[in-house]
Amino acid sequence: MNSNKKYGYLVRNTMLFTISSFGSKVLSFLLVPFYTSVLSTADYGKADILTTTAGLLIFVFTLNISDAVLRFAIDQCERQEEILLYGIKVLLKGSVLLGAVLLLCWKLIPAKWESYCYVFLFFNFFNSSLNQIICNYLRAIDRIRAVAISGIITTFFIVTSNILLLLVIKIGLAGYLLSFIIASLASIIYGLLQIWSFHGKIVFSCCSPKMQREMKHYSIPLIFNGIAWWANNGIDKYFISGIIGVANNGVYAVAYKIPTILSAFSGIFVQAWNLSALKEYEKSDNDHFFANMYSAYSTGMVVICSALILINIPLSRLLFSKDFFAAWRCSSTLLLSMIFSGLSSFVGSVFSAVKANKICAVSTISGAVVNIVLNSVMISKWGTQGAAIATAISFMTIWLVRMIYVRKYIDWKLNMKTDIMAYMLLIIQIVFEHSRGHAYPGQILALSSIVILYRSQILRMFQNMKK
């Protein structure tokens, strides 16, 4: 594919994923005042623990097979549907095993959870896993528009079910959890109909035993990568709940809502980039496609991050009700962690393209170890801010390890000195924000310095967008 087609393919997919993800991300952001007024800090903290736990279960009980479905369905031009069926088969086996485990936990472990929490864990696991498999398969067969519409459907059902269950029926935490199950189920039905329309038939046989082994060989290292990535994103919530209480975890969970803006930008681009990386990987990077995209992505992340830090406190006053306002103290540090999380995902796409998933696992496990050690020390001293700092350092560790290893697989030239200076300016801006009076002139100076530092990249980005 020539250079113009490469950029065109990436831009088209980015626009479609924007349509798919933007609504749900904006909704997650705009519904914060609603959630914080309807739910208590303890309820919100419990809901966050449940959804975080469900995310961990997906990695363990599905062998992370959804990533293998995407990777191998792209390579396999014929009989792609057999790869999909094998992914669903792995999910069904994992679901039976998880059901037995949750039943034992409910009967034997004296937990404080109500029975519906275990039911939510199972159905959230199953629906989320199946939805991931279906959406990854739609990406592999280049039905990106269907993925975008699926995201819109999810958003619609979250809004309507939240209004019905929280405002009309008023069933509190149970209604909040149930709304996500309803939304994912609607997305699954739509996705299956799209796959049916594409193939026009039902296949009852899985791919060959050789292909199944290759898929497992590809996905099993991603289990450890996924668990470690989950630990970097979620283990701090368990530390906070255990050390300083579940109510503080509710505040900490809300602190992630402003970083959600940056993660939305990151997630949309990375979804599109993953497809381009799998299709366009070349070790030489002669046309500088990979280097240019890394530079543009890094620039956008840093500038948006700095702007969000500047308006973090006014936004928090607008969005966070009552006891939740204290969440602003963690939001800016979590914004910094989102930069390194996004950059790590970008570099990870290169490892996926060459099927070097062990490096992804090693780097992410390194970050998880750092996260666990720092959480155990920092939370008791600095509370939720200690957890945020631990998360930022752990993602920075993952990024560093991956940047060291990626040079083995791609020859790209990056201006790392500029990036490092920009990261230092962000840290200085966060220090300004936490000083008396929040030092807004200093924060504005930091943002202006970042824009000047990246002026050539920003100008190039606008020129390319114009083209």
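Parameters and conventions
- Residues numbered from 1 in each chain as written.
- Predicted model: local features only at pLDDT ≥ 70, side-chain atom pairs only at ≥ 80, totals over all residues.
- Heavy atoms only, no water.
- Core = buried A, V, L, I, M, F, W, Y, C linked by side-chain atoms within 4.5 Å.
- Buried < 20%, exposed > 50% of the residue type's maximum accessible area, 1.4 Å probe, protein only.
- Helix = DSSP H or I, 4+ residues; strand = E, 2+ residues; numbered from the N terminus.
- Contact = heavy atoms within 4.5 Å.

S.K.: Would you mind going over the nonpolar core with me for this structure?
M.R.: Within soluble globular proteins, side chains that are nonpolar tend to cluster in buried spots. Of all hydrophobic cores here, the largest spans 132 residues; its most connected members are Tyr176, Met215, Trp273, Tyr294, Ile339 and Trp412. At 13 residues, the largest contribution of residues to this core is made by helix 14 (residues 328-353). Dropping the residues within four chain positions of it, isoleucine 339 is found in contact with Leu262, Met301, Val302, Cys305, Tyr423 and Leu426.

S.K.: Please clarify how the environment of tyrosine 409 should be interpreted in this entry.
M.R.: Its location among the elements puts tyrosine 409 in the loop between helix 16 (384-406) and helix 17 (416-433). Tyrosine 409 sits 56 residues away from alanine 353 along the chain, and the two C-alpha atoms are 9.8 Å apart. Beyond its immediate stretch of four places on either side in the chain, tyrosine 409 contacts Tyr281, Lys283, Val350, Phe351, Val354, Ala356 and Ile359.

S.K.: Would you mind going over unusual backbone geometry with me for this structure?
M.R.: Most peptide bonds are trans, and most residues other than glycine sit at a negative phi. The backbone of leucine 63 shows a phi angle near 60°, a positive value even though the residue is not glycine. Mapped onto the elements, leucine 63 comes out in the loop between helix 3 (41-61) and helix 4 (65-75). Positive phi, close to 60°, is recorded for lysine 355, a residue that is not glycine. With respect to the secondary-structure elements, lysine 355 resides in the loop between helix 14 and helix 15 (357-382). Classification of lysine 355 as partly exposed rests on a relative accessible area of 41%.

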